[in-house]
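Analysis of the macromolecular model
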Number of protein chains: 2
Amino acid sequence: MRDDVILLDHGSGGLASAELISQIFLTRYGNPVLAELEDSAILDRPAGRIAFTTDGYVVDPIFFPGGDIGSLAVHGTVNDLAMRGAVPLSLSVSFIFEEGLPVRTIEQIASSIAQATARARVSISAGDTKVVPRGKADKVFITTSGLGVVPDGVELSTKRARPGDRILVSGTIGDHGATILTQRSGLTFSGGLASDTAPLHDLVRSILEGATGAVRAFRDPTRGGVATVLCEIASRSGLEIEVDEASIPIRPEVASACEILGLDPLYLANEGKCIAVVSPDMAKDVEGLMHARPEGQEAAVIGEVRDGRPGRVILRTAAGGLRVLRPLSGMPLPRIC
Amino acid sequence: MRDDVILLDHGSGGLASAELISQIFLTRYGNPVLAELEDSAILDRPAGRIAFTTDGYVVDPIFFPGGDIGSLAVHGTVNDLAMRGAVPLSLSVSFIFEEGLPVRTIEQIASSIAQATARARVSISAGDTKVVPRGKADKVFITTSGLGVVPDGVELSTKRARPGDRILVSGTIGDHGATILTQRSGLTFSGGLASDTAPLHDLVRSILEGATGAVRAFRDPTRGGVATVLCEIASRSGLEIEVDEASIPIRPEVASACEILGLDPLYLANEGKCIAVVSPDMAKDVEGLMHARPEGQEAAVIGEVRDGRPGRVILRTAAGGLRVLRPLSGMPLPRIC
């Protein structure tokens, strides 16, 4: 690249845009489909139903312990596909850059995207790059969309929860949210805090193959955290959920950060964890399958679905009390992902 | 909605986000797939190869004569699918809002998206909403992705251009770019200027069905304009293109705006036009099929592909001279789409 910062010209669709795409993106995550640079990518006819998802990423800061906006965007979209049981097939990556952003920063993000897609064994088939004048965006926003193939017989939906089903979480909660908010707080402590951003499709596949029919639904508790996702499951299934606070895995450093910052880890975003609703007779099997994988080593059964007040989620606190959990409200935690 | 402006809470993934989605978006462009509100939408197994595309929209102003950022985003993605011969199947819509944006504005954009998708007979299956603090974005950015199905036998690619092929444009050029730049210039003249934003998939389908095998490639000359697209076709096919300036349709008001603003209409964005590369014996048929549709009434044959210097595009000017056209460079026209 001739320039060391991004210019408006890089978003104008002409020579500078072409240079940015070929030198920064194609070198790092190019492939024959993306390199065609036509108006759409053409993919082979898929071997099943299609899962389709999109998410925007506006995280601040864009680099943080455990990841960056690039890996976060890839993992987030891979995980949204995985939560419906889909095998990720192809992603699109659309950037909005602020004029003046160092090209070096874009290279770092593109390298991180390349690593994350290689790790998740998914290719990028489509992309776009826009540049807005200085002060009209904040550094970089990324929107990823994803396509996956849902194997025949896989039917996952939060509506499928039944009384008696167990609620599992695949690992410790609050890591991503606590890390971002600590970074932004200006506090200097951060020892051991790191985002959990990671792809979950291999964990999901090992469960779907190893315990066929066991799982009713997966959800990844990103924005809104575990509490909000549990409320959504209870609401959509028309059932009640009780969770046991003492059984919810949480790292001591996340618990400390929450105490200092006055945050509830149940409402903090996770970026490499899932909640699974599992039929009761298979809950231990699924927990075992989670434990067998590095990303699920701290998985735990944390609660149960039951008849009761539709949509209600009750937390049995570590002190033995009961507390109703409601969806996140009035606690804006912006730019967490 | 309880609030009349967008708040950070609307992007936090909790109750306020759910209210925004259900009251503003689902009421306007909801459908059973979108209303599931799961992590991914599940679509039936498609009946052919898949076309996949993405684009970010950062246009300024967000409302302009002939359209707005919402209709522009829908048409842009529909057209990127259509350019590969795909029948649009499903779109995703991801918003980034600036805190403080009036909810009324979002309602207008959502209504416009609903109208554009209904007109294009395509559904929205996935979406996302983020909110960033005041001053960290400019009102609203939209990223749309699209899925389409490519009928068997349809093989369109700019690499397929052959010597002798004719170059057609489906209508007048520069309308969108001239409209946006005039709006932004602070000039008060604008009589008759309007964006050409429109879906092109019906035009494409009527050509593919009415003149099977005639078209080598379609491209929509958005950012970079007709000149940049012609350079891309010449470059990828390894051939030379000559175009005849006098045959290129342009509205008098666009020509006037270009003169006043010092712009070349060949480099201005179009949002409802396509360039077609057509085998010579079928060029008149394709022109006739374009003329038969309202969006192609001013279609014209404007040039020819030939052996020559690979990648070169020559304009035969109205005055009879020759001018080499190069891809857009050094003329940043930001936030045009």
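Turning next to the overall build of chain A. From N to C terminus, chain A includes nine helices and 14 strands. Reported as C-alpha extents along the three principal axes, the dimensions of chain A are approximately 65 × 50 × 30 Å. Counting across all 337 residues of chain A, residues that qualify as buried make up 63%. Taking the average place of the 33 positive charges on the side chains of chain A and the average place of its 41 negative ones, the gap between the two points comes to 5 Å.

This part takes up the interface of chain A and chain B. With 78 residues of chain A in contact, the opposing surface of chain B contributes 78 residues. For the interface between chain A and chain B, the tally reads eight salt bridges. The partner of Asp55 of chain A in a salt bridge is Lys130 of chain B, with the nearest N and O atoms 3.7 Å apart. The tally of links between chain A and chain B comes to 46 residue pairs in polar contact (both at pLDDT 80 or more). Within the residue set of the side of chain A that touches chain B, elements represented by two or more residues are β1 (41-43), β2 (49-57), α3 (69-82), β5 (87-98), β6 (123-132), β7 (140-150), β9 (215-219) and α7 (225-237) of chain A.

It is worth spelling out the state of the cysteines at this point. All names here are of chain A. The final tally for this structure, using the stated rule, is zero disulfides over all chains. Of the cysteine sulfurs around Cys274, a residue in no disulfide, the closest is that of Cys337, at 17 Å. Free cysteine Cys337: the closest other cysteine sulfur is in Cys258, separated by 16 Å. Residue classification places Cys337 among the buried residues on the basis of a relative accessible area of 5%.

The subject of this paragraph is the pattern of salt bridges. A complete count under the given rule lists 50 salt bridges over all chains for this structure. Note that Arg306 of chain B is salt-bridged to Glu240 of chain B, the shortest N-O span being 2.9 Å. With Arg306 of chain B in strand β12 (residues 300-306) and Glu240 of chain B in strand β10 (residues 240-244), the pair connects residues that are 66 residues apart, well separated along the chain. Overall, Glu240 of chain B belongs to the buried group, its relative accessible area being 3%. Look at the salt bridges and you will find they share partners, linking Asp175, Asp196, Arg251, Lys273 and Glu298 of chain A into a network.

Further remarks concern the relation of the copies chain A and chain B. Least-squares fitting of chain A to chain B yields an RMSD of 0.0 Å, with the superposition described by an axial translation of 0.0 Å and a rotation of 180 degrees. Taken together, the turn and the small shift mark the pair as related by a two-fold rotation axis. Among all residues of chain A, the one whose C-alpha sits closest to the rotation axis is Ala137 of chain A, at a distance of 2.1 Å. Same-surface contact between copies: 100% of interface residues of chain A are shared with the interface of chain B.

Quick look at the packing of α3 of chain A against helix α4 (residues 103-120) of chain A now. Residue and element names in this part refer to chain A. At a minimum axis distance of 7 Å, the contact between α3 and α4 shows a crossing angle of 30 degrees. Classified by the angle their axes make, α3 and α4 are roughly parallel. Both α3 and α4 take part in a crossing whose hand is right-handed. In this structure, α3 uses Ile69, Gly70, Ser71, Val74, His75 and Val78 to contact α4, whose residues at the interface are Ile109, Ser112, Ile113, Ala116, Thr117, Arg119 and Ala120. Tallied by class, residues from the contact of α3 with α4 come to seven nonpolar, five polar and one charged.

Below, the discussion takes up the side chain of Glu271 of chain A. Residues and elements named next belong to chain A. Within the secondary structure layout, Glu271 lies in the loop between α8 (252-261) and β11 (275-278). Although Glu271 is buried, it makes no salt bridge; Arg223 carries the closest opposite charge, 7.3 Å away. Those residues in contact with Glu271, other than ones at most four positions away along the chain, are Leu72, Asn79, His176, Asp196, Thr197, Ala198, Thr222 and Cys337.

All names here are of chain B. For the pair helix α6 (residues 201-210) and helix α9 (residues 283-291), interaxial distance at closest approach is 9 Å and the crossing angle is 140 degrees. By the angle class used here, α6 and α9 are oblique. Handedness of the α6/α9 crossing: right-handed. Contacts between α6 and α9 involve Leu203, Ser206, Ile207 and Gly210 from the former and Val286, Leu289 and Met290 from the latter. Residues that form the contact of α6 with α9 fall into these classes: five nonpolar, two polar and no charged.

A word on the sheet that holds strand β13 (residues 313-316) of chain A. All names here are of chain A. Pairing is mixed across the open sheet formed by seven strands, whose spatial order is β9-β11-β8-β12-β10-β13-β14. Two strands in the sheet have a free side with no partner beyond their single neighbour: β9 and β14 (322-325). Going across the sheet, the axis of each strand differs from the next one's by a mean of 25 degrees, ignoring polarity. With four bridges connecting them, strand β8 (residues 166-169) and β11 associate as antiparallel partners. In the strand pairing of β11, Ile167 is matched with Val277. Sheet strands touched by α7: β8, β9, β10 (240-244), β11, β13 and β14. Its angle to β11, the strand with the most contacts, is close to 30 degrees. Where helix α9 (residues 283-291) meets the sheet, its contacts fall on β8, β9, β11 and β12 (300-306), and the angle it forms with β8 comes to roughly 5 degrees.

Counting across every chain of the model gives seven aromatic pairs over all chains. Aromatic pair Phe25 of chain A and Phe95 of chain A: ring centres 4.9 Å apart, planes at 10 degrees, arrangement stacked. Of this pair, Phe25 of chain A sits in helix α1 (residues 15-29) while Phe95 of chain A sits in strand β5; the two residues are 70 residues apart in sequence, bridging distant segments of the chain. Residue classification places Phe25 of chain A among the buried positions, given a relative accessible area of 4%. Relative accessible area serves as the criterion here: at 2%, Phe95 of chain A is assigned to the buried category. Between Phe25 of chain B and Tyr29 of chain B, the aromatic rings sit 5.9 Å apart at their centres with planes inclined by 25 degrees, giving stacked as the arrangement. One end of the pair is Phe25 of chain B and the other is Tyr29 of chain B, both in helix α1 (residues 15-29) and four residues apart, which spans about a single turn. Through a chain of ring-to-ring contacts, the aromatic side chains of Phe25, Tyr29, Phe95 and Phe97 of chain A assemble into a single cluster.

All names here are of chain A. Domain annotation of chain A identifies domain 1 (8-150) and domain 2 (158-325). Its C-alpha centre places domain 1 at a distance of 28 Å from the equivalent point of domain 2. The interface of domain 1 with domain 2 comprises 20 residues on the first partner and 23 residues on the second. Summing both partners gives a buried area of about 1,800 Å² for domain 1 against domain 2, and 60% of it is carried by carbon and sulfur. Of all residues in domain 1, the largest losses of buried area upon contact with domain 2 belong to Pro65, Asn79 and Met83, amounting jointly to 32% of the total for that side.

Calculation notes
- Residues numbered from 1 in each chain as written.
- Chains lettered and ligands numbered in written order.
- Predicted model: local features only at pLDDT ≥ 70, side-chain atom pairs only at ≥ 80, totals over all residues.
- Heavy atoms only, no water.
- Helix = DSSP H or I, 4+ residues; strand = E, 2+ residues; numbered from the N terminus.
- Buried < 20%, exposed > 50% of the residue type's maximum accessible area, 1.4 Å probe, protein only.
- Lys, Arg positive; Asp, Glu negative; His and termini not counted.
- Charge placed at Lys NZ, Arg CZ, Asp CG, Glu CD.
- Contact = heavy atoms within 4.5 Å.
- Salt bridge = Lys/Arg side-chain N within 4 Å of Asp/Glu carboxyl O.
- Polar contact = N/O pair within 3.5 Å; in protein donor to acceptor, adjacent residues only side chain to side chain.
- Disulfide = S-S within 2.5 Å.
- Least-squares fit on C-alpha atoms with pLDDT ≥ 70 in both.
- Axes fitted to C-alpha atoms, helices over the stretch in contact; angles between N-to-C directions.
- Parallel < 35°, antiparallel > 145°, perpendicular 65-115°, else oblique.
- Left-handed = near helix turned anticlockwise from the far one by under 90°.
- Nonpolar A, V, L, I, M, F, W, Y, C, P; charged D, E, K, R; others polar.
- Pairing = 2+ DSSP bridges.
- Phe/Tyr/Trp six-rings, centres within 6.5 Å; stacked < 30°, edge-to-face > 60°.
- Domains from an automatic or database assignment.
- Buried area = accessible area lost by both parts, 1.4 Å probe.

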